Amino acid sequence: MAVFDFDLARRWARFDPQKTLARRRDNELPFVNANLIGGQGLLLDTCVYIDQMQDRSPQVLDDLIAHRQANHSTVAIQELMHTVGVLNPSDARTEGVIAEIGKQIKAMPQHRVFAPDIEILGRAALLSGILCRLQGYGRGGKLRALQDCVLFLQAQKLGLVVLTANVGDYDILLQLIPTRRGAVLPPKVTQLRRPTARNTSMTPACRHRSPSPHRCQRARISRAGA
């Protein structure tokens, strides 16, 4: 039977600084070092799958995934399946996009797919609430914050490193909960970029997680499941 310790979670959250946090300078962030490809196992954020499907991931990121153990979260599966549901069935491009997402999910080895437990889910909800309050996230950012917090705490518990291009949000999480197993971010010059319906030049962040149908037509299967 799953049991959540409410009081322990409240004590755990004493790190709350009760003030808005600013993004740190690049030299303070754990960007990927192309000369240090080997290391801890990875837990992939959803944006990694999307950028690989769109054939937009930089070579250093592909090398990192190829040389480290890649692990997968049910959080990413959930977000990818949300994309399947949200795509317009009447659009001629939809079936191709759905097929590529299916290949991504089917390529994930079962022994490397992890589901967050009740402790992670409860604490992630608490952490995301703190994050939304401190940073003033609106309605559209609350679900994103919750998913990010689940992945962040899940990686901590598993002893893995989150691989993400979401520089802004994960930097704030690392400031709240400093850890050696924080987010591994792409180098500044090769950060993942993904166009969105609203802004095709936005800075790299997993803020809009649905892949663009016309770009996914050029997709290739991720090596993350190898």
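The sections below set out a description of the structure shown in this document. In this text the structure is predicted, and so the values were computed from the model without any measurement.

1. Brief notes about the side chain of His72
Tracing the backbone through its elements, the reader meets His72 in strand E2 (residues 70-73). When its relative accessible area of 0% is taken as the criterion, His72 is described as buried. Reaching out from His72, the side chain makes a polar contact with the side chain of Tyr49 at a distance of 2.7 Å.

2. Considerations on the packing of helix H7 (residues 139-158) against helix H8 (residues 167-176)
Where H7 contacts H8, the axes come no closer than 11 Å and their chain directions differ by 55 degrees. Overall, the two elements H7 and H8 adopt an arrangement that is oblique. The handedness of the crossing between H7 and H8 is right-handed. When H7 is examined against H8, the residues Arg144, Asp148, Cys149, Leu151 and Phe152 are found in contact with a partner set consisting of Asp169, Tyr170, Leu173 and Leu174. In terms of residue class, the contact of H7 with H8 is made up of six nonpolar, no polar and three charged.

3. Regarding unusual backbone geometry
We note that Gln18 has phi near 60 degrees; this positive angle belongs to a residue other than glycine. Mapped onto the elements, Gln18 comes out in the loop between helix H1 (6-12) and strand E1 (42-44). Its identity is not glycine, yet Asp55 carries a phi of approximately 60 degrees, on the positive side. Mapped onto the secondary structure, Asp55 falls in the loop between helix H2 (46-53) and helix H3 (59-67). Under the relative-accessibility criterion, Asp55 is labelled partly exposed at 41%.

Conventions and cut-offs
Residues numbered from 1 in each chain as written. Predicted model: local features only at pLDDT ≥ 70, side-chain atom pairs only at ≥ 80, totals over all residues. Heavy atoms only, no water. Helix = DSSP H or I, 4+ residues; strand = E, 2+ residues; numbered from the N terminus. Buried < 20%, exposed > 50% of the residue type's maximum accessible area, 1.4 Å probe, protein only. Polar contact = N/O pair within 3.5 Å; in protein donor to acceptor, adjacent residues only side chain to side chain. Axes fitted to C-alpha atoms, helices over the stretch in contact; angles between N-to-C directions. Parallel < 35°, antiparallel > 145°, perpendicular 65-115°, else oblique. Left-handed = near helix turned anticlockwise from the far one by under 90°. Contact = heavy atoms within 4.5 Å. Nonpolar A, V, L, I, M, F, W, Y, C, P; charged D, E, K, R; others polar.

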